[in-house]
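Close look at the chain arrangement
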Amino acid sequence: MRANLISVRAVLTLLCALLCALAMTTSWAGVPNKDAKPAYAEEQTMLQVEGDSSVREPGLGDAASGRVHVDRHYLGQYGSTEANVIVQRGGNTWRLLRNGPLALITGTILLAVPFLIFVFWRAFRPPALEPSPTGKRISRFTAWERNVHWATAYTFIALAITGIIIMFGKKVLLPWMGHTLFSWVAIIGKYVHNVVGPLFILCSLLMVFTFLRRNFFNRNDWQWVKKGGGLVTQEHVPAGFFNAGEKTWFWGGVVALGLVMSITGLILDFVTFGQTRYVLQVSNYLHIIGATLYMVGAMGHIYLGTLGSPGAYQAMREGSVDENWAKAHHALWYEEVKSGAAPGASGPQGLRPGQVPPTAPRPGPAH
């Protein structure tokens, strides 16, 4: 119990810190653009003028004050809105970073990880189903839990596909699609991304509250970590309802990365709350990094829920697992079910002990 309270307190502290950092828009608005990379000759002239200390900055009452509406040292210098700013030199810095190093790194990661997973699967391919099924089923996930999981998965897939189109479409799709077709693909992708984003946040919140109580770490998880989950040795390490790997994905992926993407996504999606362009640019950096890491984690999660652990997918699709599968992959949970300490139905068709199948004849009165 004490470990659970410590985990909750740590998560709440992290959430508060992130919210406070993102709420400090006024301090972010004061970041200078002196290190920004100019894009046009006009901006080079601005730099020369601003670098000359003998040139006095004109006031608002001066006829030359229009110059500050073209570029400023500090965002938010003349108020909380940026309606009077025409050119922001930092925008070119953002464009160069987004289309340069960020695109190269994220693209390389998203291509390399599936290949590495394939290589790992070929080298340490687990047996199809071991041990052999008994035909007796144990209830693992309720209909509500499965619906929440798949709703989150489907919204994530929609965001991943449209996000990749937004990030790489101009370089990858435009050359062979042409401008007309790609413009429609990009526009539809943008609107789908913006609309599905808030739905993903809602599904993620439901996911957190639905599976929270089963994802607290305990001392048994350390044994799973020390043996690497048996992924290489094919050893079945005893685990509870969720093993340490699944718990790590829950806290690191669903909670932490989901929070980063949700907050930055809302900042980018709803730009009518006084966000400065600098805040939007930083949010875009974090959104791209968080989404890339989330997609990488999701690839590992999908592998371990399908090819990496045969029988696991049926649990989330059908809601029940074979007794031998439960005993092999989640032995500690299986023992709790058999002892009655945890809910779980067992029997030939997932029936509770003593329950008669609907098609079986009812016993008649004794003679």
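Our structure is the block above this text.
Quick look at the structure, then. Worth saying up front: this structure is predicted, and the values here are computed from it rather than measured.

1. Here's the deal with a nonpolar patch on the surface
A cluster of nonpolar side chains, namely F115, L116, F118 and V119, defines an oily patch on the protein surface of about 420 Å² accessible area. The residue L116 is located in helix α4 (residues 90-123) in this model. Residue class for L116 comes out exposed when judged on its relative accessible area of 53%.

2. Quick word on the pattern of salt bridges
Inspection of every chain in the model, using the stated rule, returns five salt bridges. E318 serves as the salt-bridge partner of R137, at 3.4 Å between the closest nitrogen and oxygen. Separated by 181 residues along the polypeptide, R137 in strand β1 (residues 137-139) and E318 in helix α11 (residues 312-318) bring together distant segments of the chain. What makes R137 partly exposed here is its relative accessible area of 21%. A salt bridge links E318 to R317, with the shortest nitrogen-to-oxygen separation between them at 2.7 Å. Using a relative accessible area of 40% as the deciding quantity, one classes E318 as partly exposed. If you follow the salt bridges from partner to partner, you end up with R137, R317 and E318 in one network.

3. Details of the packing of α4 against helix α5 (residues 143-172)
Packing of α4 against α5 leaves a shortest axis separation of 11 Å and a crossing angle of 115°. Here the hand of the crossing between α4 and α5 comes out left-handed. Together, R98, L102, A103, T106, G107 and L110 of α4 and I166, M167 and F168 of α5 make up the contact between the two elements. Here the contact of α4 with α5 is composed, by residue class, of six nonpolar, two polar and one charged.

Reading guide: rules and limits
- Residues numbered from 1 in each chain as written.
- Predicted model: local features only at pLDDT ≥ 70, side-chain atom pairs only at ≥ 80, totals over all residues.
- Heavy atoms only, no water.
- Patch = residues over 30% accessible without salt bridge, like charges linked within 9 Å, V, L, I, M, F, W, Y side chains within 5 Å.
- Areas by Shrake-Rupley, 256 points an atom, 1.4 Å probe, with all protein chains shown as cover.
- Salt bridge = Lys/Arg side-chain N within 4 Å of Asp/Glu carboxyl O.
- Helix = DSSP H or I, 4+ residues; strand = E, 2+ residues; numbered from the N terminus.
- Buried < 20%, exposed > 50% of the residue type's maximum accessible area, 1.4 Å probe, protein only.
- Axes fitted to C-alpha atoms, helices over the stretch in contact; angles between N-to-C directions.
- Left-handed = near helix turned anticlockwise from the far one by under 90°.
- Contact = heavy atoms within 4.5 Å.
- Nonpolar A, V, L, I, M, F, W, Y, C, P; charged D, E, K, R; others polar.

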